[in-house]
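The primary structure of each chain is shown beneath.
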Amino acid sequence: MVRLLIGLSSLGHSASSLEAFVARRISPPLQRLMMRTTRSMPCGGGPLLSSEAALVQQSARIISRTYYLGRRSYGLFCLQRGRIADGTEGSARSKWDKTLVLATIPEKAEICRRRSDNGLGFRDLNSRQNAGRNMKGLGYDANGQELRSFCGCNQMELHLRVARMASSSGVVIESEKDREGEDEKKEGEANRQQQQQQPELELYNTMSKQKEKFRPKVAGKVSMYVCGVTSYDYSHIGHARVYVAFDVLFRYLKHVGYDVTYVRNFTDIDDKIIHRANELGEDPLELSRRFCREFHVDMAMLQCLPPSMEPRVTDHIPQIVKMILQIIENGHGYVMEDGDVYFSVDSSPGYGCLSGRKLDENRAGERVAVDTRKQNPADFALWKSAKPGEPSWDSPWGPGRPGWHIECSAMSAEHLGPAFDIHGGGMDLIFPHHENEIAQSSAACVDSEVGYWLHNGFVTVDTEKMSKSLGNFFTIREVLETYHPLSLRLFLLGTHYRSPINYSKRQLDIATDRLFYFFQALADCNQILSEQGKGNEAVSKEASEYAKSMKAALTSSMADDLCTPVAIAALSEPLKLMNDLMHTKKGRKDRTRLASLQLLRREIEGVLNVLGFSVPCYTEVLDEIKEKALRRAGLTKADLAAQLQERAAAREAKNYARSDQIRAELAALGIALMDGGDGTQWRPGTNMEDISIAD
């Protein structure tokens with residue numbers, strides 16, 4: 001089985017050598033996190049986690065593959081998938097190796113307590129459960145004393161907690177057996193069986209304008225390319241919709257057993273970047289790098305898994321130049337006297353196959369000035385000659401930089417090959433970007449082919465497409481000032497990804513209310529099961545049927561072109577039953593209560609994991625949601641406490657008119673009060689002042 005080293009080894013590798021390795025193999029956000037951590041370690045100790053929650057979530061995700069470096073090598077806590085070249089110290093393996101994911105390995109795993117002052121013990125008591133289900137175990141310090149209980153942790157929380165302890169101990173995590181070949185066969189067979197048991201996935205293909213059965217080019221493997229951002233500003237919620245939608249596809253494909261290679265690029269040189277840099281007096285490439293970092297923070301807050309690769313244009317100039325040369329050689333491009341290179345749309349008979357537009361509909365001149373030098377006004381730039389003060393790279397046609405469309409053709413071909421399974425993006429990219437990609441990719445290579453073109457719908461504001469040109473856009477950061485990131489994620493997934501979605505505070509309030517309901521029920525369930533145990537009784541028939549129905553709804557809805565609204569709605573009945581078992585007199589007396597709660601919790605968390613809503617601690621997220629609600633209401637905790645105290649005094653004095661008035665005033669601010677036997681509690685509610693006809 002697999003060994004995963006955590007913490008720096010005792011061989012004394014220098015920080016500079018670790019940095020050099022990391023720079024070659026790991027994405028920039030994880031590089032920065034690891035460097036901050038390792039620099040603070042005198043000899044391999046120190047905490048694993050940064051205080052920056054967004055980067056922590058990104059780096060501590062549970063991944064399906066990792067590097068194997070052997071016992072005598074660097075300790076790497078969470079890496080992107082990839083291969084290690086032969087010759088790495090510690091006899092690095094040249095094939096893929098499975099990481100230790102405690103929820104999925106076939107044998108029970110343990111962190112073995114070593115014979116040292118920094119020993120640590122941990123045993124996974126439930127490693128046969130599926131990913132996303134709860135796990136239990138105990139951590140011990142060097143003297144065998146219990147550190148903390150892991151009962152009820154979800155998978156990410158378990159990984160975080162183990163990493164926190166192991167990072168300061170230089171501990172080796174290993175399985176009980178070392179049978180990689182046999183385990184890989186078992187894993188492959190399990191994945192094939194899982195895919196056969198799932199309903200056949202259907203995806204809407206923009207090319208054919210209909211849903212199609214998903215058939216990857218290589219059985220069991222999926223290659224996916226999604227167009228990334230042009231990094232010149234903070235990302236807006238239109239970007240959030242694109243990457244949340246394809247994050248769900250990424251998660252679901254992995255959930256049903258596919259080995260997914262997900263590539264999402266950065267356009268880090270472009271006219272917009274140069275223009276913004278000139279406005280701010282910054283170097284264009286440095287400005288682009290800055291906003292790439294900010295994009296990573298946004299995606300981590302929205303719990304979008306990092307893709308397998310994130311290529312950047314400026315790192316792929318040779319590949320782009322090579323593709324342009326091939327296009328010209330094949331008779332589909334031409335060079336201007338000043339060094340500009342254009343694609344000839346007249347040379348591409350199938351031009352317009354994706355968008356359905358005819359060539360005579362693409363004539364330039366309506367929105368931009370016609371360039372009379374071009375053979376056809378619809379021809380588009382492959383290479384732009386250098387202008388004074390702009391970044392440029394050498395090419396056979398002189399200094400310059402790539403056109404926008406050629407970037408994705410070259411980077412997708414470089415990392416996925418000329419033919420791959422899925423190409424995605426927003427509907428605004430269908431024409432001209434993706435149309436031009438098809439033309440130039442097929443012009444460069446006759447084997448170029450994308451199996452499925454997927455596009456998500458627009459985000460609208462008062463029925464108008466959100467855009468910077470209309471001044472009606474909101475950045476992700478602006479929204480997250482007053483709403484929890486998972487509220488925004490739930491809002492976006494509450495509408496089918498291909499349908500337009502109308503942005504409003506009212507809809508975000510509704511999403512927040514539902515999210516709070518989900519997590520409050522699970523937090524209450526965790527507390528009851530931790531206090532009263534799990535019980536040995538059988539699960540009730542009702543709980544079993546609800547859990548089975550919810551699981552079936554998840555698989556059928558997600559297989560139907562990722563119908564996330566139906567998957568989310570399927571949570572309602574199991575959550576209602578869970579609350580009845582916890583809070584009603586009849587439920588508390590139910591002899592199957594604890595076993596039924598355990599089953600419901602496991603299955604509900606399984607659905608939430610597929611949709612990207614797994615969190616380390618429900619109570620912490622509930623507190624964060626309430627904090628955002630107070631911010632929207634313009635209140636502090638002290639302000640709210642004073643009003644609750646005044647209301648309690650009014651109720652005591654039987655001044656119910658004043659009590660009701662305070663309740664109504666708070667409700668108008670989005671604060672809902674609930675009176676019960678344990679006093680008055682509050683939770684976020686719908687802000688009635690935000691309701692409008694447009695909503």
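Residues numbered from 1 in each chain as written. Predicted model: local features only at pLDDT ≥ 70, side-chain atom pairs only at ≥ 80, totals over all residues. Heavy atoms only, no water.

S.K.: Any chance you could break down the overall build of the protein chain for me, citing the residues and the numbers?
M.R.: In terms of helices and strands, the protein chain carries 22 helices and 23 strands. Taking all 695 residues of the protein chain together, 53% fall into the buried category. Accessible area of the protein chain: about 30,800 Å², with a carbon and sulfur share of 49%. (Helix = DSSP H or I, 4+ residues; strand = E, 2+ residues; numbered from the N terminus. Buried < 20%, exposed > 50% of the residue type's maximum accessible area, 1.4 Å probe, protein only. Areas by Shrake-Rupley, 256 points an atom, 1.4 Å probe, with all protein chains shown as cover.)

S.K.: Go over the sheet that holds strand E21 (residues 501-502), please, and point to the residues and values.
M.R.: Taken in spatial order, the three strands make up an open sheet running E20-E19-E21, and their pairing is mixed. Looking along the sheet, the strands with just one partner apiece sit at the ends: strand E20 (464-465) and E21. Relative to E20, strand E19 (residues 459-461) runs antiparallel, the two sharing two bridges. Residue Val 461 lies in a different strand from E20, and its bridge partner there is Glu 464. (Pairing = 2+ DSSP bridges.)

S.K.: Tell me what's going on with the nonpolar core, and back it up with residues and numbers.
M.R.: By size, the foremost hydrophobic cluster in this structure holds 91 residues, and its most contacted members are Ile 422, Leu 488, Phe 519 and Met 578. Setting aside residues up to four positions removed in sequence, Ile 422 forms contacts with Leu 203, Phe 214, Val 222, Ser 223, Met 224, Tyr 225, Leu 249, Leu 253, Val 450, Tyr 452 and Leu 454. Counting residues in each nonpolar core, the second largest holds 37 residues, with Leu 354, Ala 378, Ile 438 and Ala 439 among its members. (Core = buried A, V, L, I, M, F, W, Y, C linked by side-chain atoms within 4.5 Å. Contact = heavy atoms within 4.5 Å.)

S.K.: Give me the lowdown on the packing of helix H6 (residues 237-255) against helix H19 (residues 593-611), citing residues and values where you can.
M.R.: It is at 8 Å that the axes of H6 and H19 come closest, and there the two elements cross at 125 degrees. Relative to H19, the element H6 lies oblique. Residue-level contacts link Val 248, Arg 251, Tyr 252 and His 255 of H6 to Asn 609, Val 610 and Leu 611 of H19. In terms of residue class, the contact of H6 with H19 is made up of four nonpolar, two polar and one charged. (Axes fitted to C-alpha atoms, helices over the stretch in contact; angles between N-to-C directions. Parallel < 35°, antiparallel > 145°, perpendicular 65-115°, else oblique. Nonpolar A, V, L, I, M, F, W, Y, C, P; charged D, E, K, R; others polar.)

S.K.: I'd like a rundown of the environment of Ser 385, residues and numbers included.
M.R.: As for its placement among the helices and strands, Ser 385 is situated in strand E15 (residues 380-385). With ten residues separating them along the chain, Ser 385 and Ser 395 place their C-alpha atoms 9.5 Å apart. Discounting chain neighbours no more than four positions away, the residues touching Ser 385 are Asp 338, Gly 339, Asp 340, Pro 399 and Gly 400.

S.K.: Account for the side chain of Ser 659, with residues named and values stated.
M.R.: Along the chain, Ser 659 turns up in helix H22 (residues 656-668). Residues contacting Ser 659, with those up to four places away along its chain left out, are Arg 647, Ala 650 and Arg 651.

S.K.: Pulling in residues and values, what's your account of the pairing of strand E23 (residues 679-684)?
M.R.: Note that strand E22 (residues 671-676) and E23 share six bridges and pair antiparallel. Bridged to Asp 675 within E23 is Thr 680. Taking the residues between adjacent antiparallel strands as the criterion, E22 and E23 are bridged by two residues.

S.K.: Give me the lowdown on the confidence of the model for the protein chain, citing residues and values where you can.
M.R.: Averaged over every residue, the pLDDT of the protein chain is 78; the share at 70 or more is 69%. Confidence over residues 1-26 falls short of pLDDT 50; this stretch has 77 contacts with residues more than four positions distant or in other chains. (pLDDT = per-residue confidence, 0-100.)

S.K.: For the pattern of salt bridges, give the residues involved together with the corresponding values.
M.R.: Applying the stated criterion across every chain yields a total of 32 salt bridges. Its salt-bridge partner being Arg 251, residue Asp 247 comes within 2.8 Å of it at the nearest N-O pair. Here Asp 247 pairs with Arg 251, and both are found in helix H6, just four residues apart, close to one helical turn. On the accessibility criterion, Arg 251 (13% relative accessible area) is buried. Close ionic contact of Glu 294 with Arg 477 constitutes a salt bridge, the shortest N to O distance being 2.5 Å. Of this pair, Glu 294 sits in helix H8 (residues 284-301) while Arg 477 is found in helix H12 (residues 476-480), placing the two residues 183 residues apart along the sequence. Looking at Arg 477, the relative accessible area reads 23%, which means it is partly exposed. Each of Glu 200, Glu 202, Lys 213 and Arg 215 takes part in salt bridges that share partners, so that together they form one network. (Salt bridge = Lys/Arg side-chain N within 4 Å of Asp/Glu carboxyl O.)

S.K.: I'd like a rundown of helix H9 (residues 317-329), residues and numbers included.
M.R.: Under the 1.5 Å per step criterion, the end-to-end length of H9 is 18 Å for 13 residues, consistent within 8% with the ideal 18 Å. Buried positions along H9 lie against strand E13 (333-335), strand E14 (341-343), E15, strand E16 (400-402), helix H10 (404-416) and helix H11 (430-444). Looking one or two places after H9, you find Gly 331, whose phi comes out positive at around 85 degrees. (Expected span 1.5 Å × (residues − 1).)

S.K.: Before we move on, can you summarise H22 with the specific residues and values?
M.R.: Its 13 residues give H22 an end-to-end C-alpha distance of 18 Å, which sits within 8% of 18 Å, the value for a rise of 1.5 Å per residue. Those residues of H22 that sit buried are Ser 659, Ile 662, Leu 666 and Ala 668. On its buried face, H22 is in contact with helix H21 (637-652) and E22. Looking one or two places after H22, you find Gly 670, whose phi comes out positive at around 90 degrees.

S.K.: Lay out the packing of H9 against H10 in plain terms, naming residues and giving numbers.
M.R.: Close contact between H9 and H10 brings their axes to 9 Å; oriented N to C, the two are set at 105 degrees. By the criterion of interaxial angle, the relationship of H9 to H10 is roughly perpendicular. Residues Gln 319, Ile 320, Met 323, Ile 324 and Ile 327 of H9 pack against Ile 406, Glu 407, Ser 409, Ala 410, Ala 413 and Glu 414 of H10. The class makeup of the residues in the contact of H9 with H10 is seven nonpolar, two polar and two charged.

S.K.: I'd love a proper account of the sheet that holds strand E11 (residues 221-226), names of residues and values included.
M.R.: Spatially, the four strands line up as an open sheet ordered E12-E11-E17-E18, and their pairing is parallel. Each having just a single partner strand, strand E12 (259-264) and strand E18 (449-456) make up the two edges of the open sheet. Taking the axes of each pair of neighbouring strands and ignoring which way they run, one obtains an average angle of 25 degrees across the sheet. Pairing geometry for E11 and E12, over six bridges, is parallel.

S.K.: Can you lay out the side chain of Ser 288 for me, pointing to particular residues and giving the numbers?
M.R.: When you line up the elements, Ser 288 lands in helix H8. A distance of 3.2 Å separates a polar atom in the side chain of Ser 288 from the backbone oxygen of Asp 268. Residues contacting Ser 288, with those up to four places away along its chain left out, are Ser 231, Thr 267, Asp 268 and Ile 273. (Polar contact = N/O pair within 3.5 Å; in protein donor to acceptor, adjacent residues only side chain to side chain.)

S.K.: Lay out the packing of aromatic side chains in plain terms, naming residues and giving numbers.
M.R.: The way to describe two aromatic rings as a pair is by their centre distance and the angle between their planes. Applying the stated rule across the entire model yields 14 aromatic pairs. Between the aromatic rings of Trp 383 and Trp 397, the centroid separation amounts to 5.9 Å while the plane-to-plane angle is 55 degrees, which identifies the pairing as tilted. Of this pair, Trp 383 sits in strand E15 while Trp 397 sits in the loop between E15 and E16, placing them 14 residues apart in sequence. Trp 383 sits in the buried class, given a relative accessible area of 0%. Classification of Trp 397 by relative accessible area gives buried; the value is 14%. Among the aromatic side chains, those forming a connected cluster through ring pairs are Phe 214, Tyr 258 and Tyr 452. Positioned above the aromatic ring of Phe 250 is the side chain of Lys 254, whose terminal nitrogen or guanidinium carbon lies 4.6 Å from the ring centre. We note Arg 489 situated over the ring of Phe 613; from NZ or CZ to the ring centre the distance is 5.7 Å. (Phe/Tyr/Trp six-rings, centres within 6.5 Å; stacked < 30°, edge-to-face > 60°. Lys NZ or Arg CZ within 6 Å of the ring centre and 35° of its normal.)

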